[in-house]
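# Remarks on the overall topology
For reference, the chains in residue letters:
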Amino acid sequence: MTEPGRLVLAATPLGDSRDASPRLVEALATADVVAAEDTRKTRALAAALGATIAGRVVSFYDAVETSRLAGLVAAVEGGQTVLLVTDAGMPSVSDPGFRLVAACVERDLPVTCLPGPSAVTTALALSGLPCERFCFEGFAPRKDGERRRFFAALAEEPRTAVFFESPHRIAATLSLAAEVLGEERRAAVCRELTKTYEEVRRGSLRELADWAADGVRGEITVVLSGAEPRREQDVDALALEVRRLADEGMRLKDAAAQVAAAAGVSRKTLYDAAVRV
């Protein structure tokens, strides 16, 4: 019976090829198959690193990811080493890779990783914001309604949040974030990390939205500070406000919902308190 090969996930430089690890150079030169998000960029990276790709190179981007799975899994099952690289950073992190990893794991095939550059942790470290605990939110949604819900879900998130955004949407995204989360919420916009024109802008969401309104270029990573813990609310005082709205003609349930949303407390807790007043 043929011993299986392995799937190797490899992080690639964000911009400066000197950030590549020696293990990446070796892997590019020795893998039986190199699955690349962009084959031209991968060949250019290999050339910059002085590595000659001897194995078969196949494209592995979003549109072909599913159709390529069976062939790549079969290659690993057949004893070959499949190296997966994306344009910059770590495969599977908002890049192709997750499905291939899951397919190999399901078949109990060896999977390993060559660690390296990541825009997420690089931006987080540069942001100047607390980073003991953080969450990664991928790409911000494109549609306004979905983006609004995206930020609403972060309104009470205490951890620092990191997300990606495109340069032509960043101004609108920051403006909407200021509207939903408050203009004074702190953030950092990191662009062109490790590249010649690397820039990190730090400030309030309103300050950053005003800056971005003039136009921003390059790869964008946004770091958003966590929400400040709310002060404990006086439920009895809020219940009186609910009763006042109800006395003015609003349904008690609607009044409780309105006051609860503004105060950041449980609607049911407030409704029950208002009933008892």
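Because the structure is predicted, anything quoted here is derived from the model rather than measured.

### Quick word on the packing of aromatic side chains
- On inspection of all chains with the given rule, the structure shows five aromatic pairs.
- With 5.5 Å between their ring centres and 85° between their planes, Phe150 and Phe163 make a pair best called edge-to-face. Of this pair, Phe150 sits in helix 6 (residues 144–152) while Phe163 sits in strand 7 (residues 160–165), and the two are 13 residues apart along the sequence. As far as burial versus exposure is concerned, Phe150 and Phe163 are alike and both buried.
- Seen in terms of ring centroids, Phe151 and Phe163 are 5.9 Å apart; in terms of plane orientation they differ by 70°. Their pairing is edge-to-face. With Phe151 in helix 6 and Phe163 in strand 7, this pair connects stretches of sequence that are 12 residues apart.
- With a relative accessible area of 2%, Phe163 lands in the buried category.
- The structure contains a cluster of three or more aromatic residues connected by ring pairs, namely Phe136, Phe139 and Phe164.

### Observations regarding the sheet that holds strand 4 (residues 81–85)
- Pairing within the open sheet is parallel, and its five strands lie in the order 3-2-4-1-5. Both outer strands of the open sheet, strand 3 (56–59) and strand 5 (111–114), are each paired with one neighbouring strand and no more. With strand direction ignored, the average angle separating the axes of adjacent strands in the sheet is 25°.
- Note that strand 1 (residues 6–10) and strand 5 share four bridges and pair parallel. Bridge pairing links Leu9 to Cys113 in strand 5.
- Seen against the sheet, helix 1 (residues 22–30) touches strand 1, strand 2 (33–36), strand 4 and strand 5 and runs at an angle of roughly 130° to strand 5.

### Overview of the side chain of Arg147
- By secondary structure assignment, the location of Arg147 is in helix 6.
- Contacts of Arg147, omitting those with residues within four sequence positions, involve Pro141, Arg142, Glu165, Arg169, Ala172, Thr173 and Leu176.

### Concerning the pairing of strand 7
- Where burial is concerned, most of strand 7 is hidden: six out of the six residues are buried.
- Burial along strand 7 is two-sided: the residues Thr160, Val162 and Phe164 and Ala161, Phe163 and Glu165 are all buried.
- In the sheet, strand 7 pairs with strand 10 (residues 220–224) via five bridges, with the strands oriented antiparallel. Within strand 10, the position partnered with Phe164 by the bridge is Thr221.

### Comments concerning the pattern of salt bridges
- Enumeration according to the criterion identifies 17 salt bridges in this entry.
- Notably, a salt bridge pairs Arg251 with Asp254, separated by 3.7 Å at the nearest N-O pair.
- Residue classification places Arg251 among the exposed positions, given a relative accessible area of 53%.
- Residue class for Asp254 comes out partly exposed when judged on its relative accessible area of 37%.
- Three or more residues joined by partner-sharing salt bridges are found here, namely Glu183, Arg206 and Asp210.

### Here's the deal with the sheet that holds strand 7
- Reading across from one edge, 6-7-10-8-9 is the order of the five strands in this open sheet, with mixed pairing throughout. One side of each edge strand has no neighbouring strand; the edge strands of this open sheet are strand 6 (134–139) and strand 9 (199–204). Ignoring which end each strand starts from, the neighbouring axes of this sheet average 15° apart.
- Packed on one face of the sheet, helix 5 (residues 119–126) meets strand 6, strand 7, strand 8 (186–191), strand 9 and strand 10 and runs near 125° to strand 7.

### Side note on the state of the cysteines
- Applying the stated criterion across every chain, the model contains zero disulfides.
- Considering cysteine sulfurs only, Cys113 is the nearest to Cys104, which forms no disulfide, with 13 Å between them.
- For Cys104, a relative accessible area of 0% translates into the label buried.

### Description of the nonpolar core
- Counting residues in hydrophobic clusters, the biggest one holds 24 residues, and the most contacted among them are Phe151, Ile170, Leu174, Leu205 and Leu224.
- If you list the elements that add at least two residues to this core, you get helix 6, strand 7, helix 7 (170–181), strand 8, helix 8 (205–212) and strand 10.
- Excluding residues that lie within four positions of it along the chain, Leu205 makes contacts with Leu174, Ala177, Ala178, Leu181, Gly182, Glu183, Arg185, Ala187 and Leu224.

### Some details on the environment of Thr81
- Of note, Thr81 is situated in strand 4.
- Given a relative accessible area of 23%, Thr81 falls into the partly exposed group.
- The spatial distance from the C-alpha of Thr81 to the C-alpha of Gly5 is 5.1 Å, given a sequence separation of 76 residues.
- Leaving out residues up to four positions away in the same chain, Thr81 has contacts with Arg6, Val8, Ala31, Asp32 and Val33.

About the thresholds
Residues numbered from 1 in each chain as written. Predicted model: local features only at pLDDT ≥ 70, side-chain atom pairs only at ≥ 80, totals over all residues. Heavy atoms only, no water. Phe/Tyr/Trp six-rings, centres within 6.5 Å; stacked < 30°, edge-to-face > 60°. Helix = DSSP H or I, 4+ residues; strand = E, 2+ residues; numbered from the N terminus. Buried < 20%, exposed > 50% of the residue type's maximum accessible area, 1.4 Å probe, protein only. Pairing = 2+ DSSP bridges. Axes fitted to C-alpha atoms, helices over the stretch in contact; angles between N-to-C directions. Contact = heavy atoms within 4.5 Å. Salt bridge = Lys/Arg side-chain N within 4 Å of Asp/Glu carboxyl O. Disulfide = S-S within 2.5 Å. Core = buried A, V, L, I, M, F, W, Y, C linked by side-chain atoms within 4.5 Å.

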